[in-house]
Amino acid sequence: MENTSSESVTRLLVDASAGKQDAVNTLFPIVYAEMRRLAASYLRRERPGHTLQSTALVHEAYLRLINQKVSWQNRAHFLGIAAQTMRRILLDHAKRRIAAKRGGGQLTLRIDESVIAGKGRDLNLIALDKALSELEKIDPIRSRIVEMRFFGGLSNEEAAEVLGVSAPTVQRQWAGARAWLFQAMKTGDEL
């Protein structure tokens, strides 16, 4: 999407939402490349030997996204929803794997210091989802910002555009969300 202007991507998303097949055909390679980059980046943080590959993650996410009846606002809005979708797919994958092992082998996710305050650490994806769900009850905006920044790879500016707030507001909320998640993951028993 970086080689295509935001306006043309927005137009293609609007046309695809309206059911125009030529827009869907033009849009796919553009969003596919961006989603693949995001999925590959995200999966690099997963535990070694993860069975879900970025291609499968992107394909499943794209199919879910394109079949939704959403009035896409712009590229950032699409990537924000894509982040939510990828999170759900990865969580479902983790739950199926744990269920197959009857509770054994907790899945871990590599979170770096730019996401959660403090040093890099391994976190359980299901525990992270539980913490995010709790954060959503307390502060839905911060939860959405985590999804967009961490799962979707959006910048502060892109997240601000999706949420209709300023980039400095997103930056402050992002810092608060990271601190809250750090504490919640540190004392995960309380969640």
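Computed from a prediction, not measured in an experiment: that's the story for all the values here.

Trainee: Got a minute to help me understand the overall build of the chain in this structure?
Mentor: A tally of regular secondary structure across the chain gives eight helices and two strands. Start at the N end of the chain and walk to the C end: the helices and strands fall as α-α-α-α-β-β-α-α-α-α. Intrachain contacts of the chain at a sequence separation of at least 6 include 60% that bridge at least 24 residues.

Trainee: What am I meant to see in helix α7 (residues 156-163) here?
Mentor: The periodicity of an α-helix, 3.6 residues per turn, causes residues three or four positions apart to be oriented the same way. In terms of burial, α7 is a largely internal element, six of the eight residues being buried. Looking at the residues trailing α7, positive phi occurs at G164, about 75 degrees.

Trainee: What is the right way to read the confidence of the model for the chain from this model?
Mentor: The predicted coordinates of low-pLDDT regions are not to be read in fine detail. Of the residues in the chain, 77% reach a pLDDT of 70 or more, and the chain-wide mean stands at 76. When pLDDT is averaged over each element of the chain, helix α8 (residues 167-186) comes out on top at 89 and strand β1 (residues 108-111) at the bottom at 47. Across residues 103-122, confidence stays below pLDDT 50; counting only partners more than four residues off in sequence or on other chains, it has 56 contacts.

Trainee: Could you clarify how one ought to interpret the environment of A159 in this entry?
Mentor: Mapped onto the elements, A159 comes out in helix α7. For A159, a relative accessible area of 0% puts it in the buried group. Along the chain, A159 and L79 lie 80 residues apart, while their C-alpha atoms are 9.3 Å from each other. When sequence neighbours within four positions are dropped, the list of residues in contact with A159 reads M148, L154 and V170.

Trainee: Even after reading the chapter, I still don't get the packing of helix α6 (residues 140-151) against α8, so can you show me in this structure?
Mentor: When two helices pack together, you describe them by how their axes are tilted relative to each other and by the distance separating the axes. It is at 9 Å that the axes of α6 and α8 come closest, and there the two elements cross at 95 degrees. When the axis of α6 is compared with that of α8, the two are roughly perpendicular. Contacts from R142, I145, V146, R149 and F150 in α6 reach V170, Q173, W174, G176, A177 and L181 in α8. Each residue belonging to the contact of α6 with α8 can be placed in one class, and the counts come to seven nonpolar, two polar and two charged.

Trainee: Looking at this structure, how should I read the pattern of salt bridges?
Mentor: Any two side chains of opposite charge can pair, given that their charged atoms come close. Within the structure shown, the criterion is met by seven salt bridges. For the salt bridge of D15 with K20, the shortest nitrogen-to-oxygen distance reads 3.9 Å. The exposure class assigned to D15 is buried, which follows from its relative accessible area of 15%. For D129, the salt bridge goes to R87, with nearest N and O atoms at 2.4 Å. Residue D129 is located in helix α5 (residues 125-138), and its partner R87 is located in helix α4 (residues 75-100); the two are separated by 42 residues in the primary sequence.

Criteria and thresholds
The residue count restarts for each chain, going from 1 along the sequence in the order it is written. Selection of residues for local features in this predicted model requires a pLDDT of at least 70, selection of side-chain atom pairs for listing and counting requires 80 or more, and totals for whole chains, interfaces and linings are taken over all residues. Calculation of side-chain values draws on the structure's entire complement of heavy atoms; hydrogens and water are dropped beforehand. Every helix listed is a DSSP run of H or I at least four residues long, and every strand listed is a run of E at least two residues long, numbered separately from the N terminus. Contact between two residues is taken to exist if any of their heavy atoms lie within 4.5 Å; hydrogens are not considered. Think of it in three bands: residues with accessible area under 20% of the maximum for their type are buried, residues over 50% are exposed, and the middle band is partly exposed, with areas taken using a 1.4 Å probe on protein chains only. Every residue carries a pLDDT, the predictor's confidence in it, which falls somewhere between 0 and 100. Orientation is described by lines fitted to C-alpha atoms, with helices fitted over the stretch in contact, and by angles between N-to-C directions that extend from 0 to 180 degrees. Between 65 and 115 degrees an angle is taken as roughly perpendicular, under 35 as roughly parallel, over 145 as roughly antiparallel, and anywhere else as oblique. Throughout this entry, Asp, Glu, Lys and Arg are counted as charged residues, while Ala, Val, Leu, Ile, Met, Phe, Trp, Tyr, Cys and Pro are counted as nonpolar. The remaining residues, Gly among them, count as polar. Salt bridges, as used here, are contacts in which a Lys or Arg side-chain nitrogen is within 4 Å of a carboxyl oxygen on Asp or Glu.

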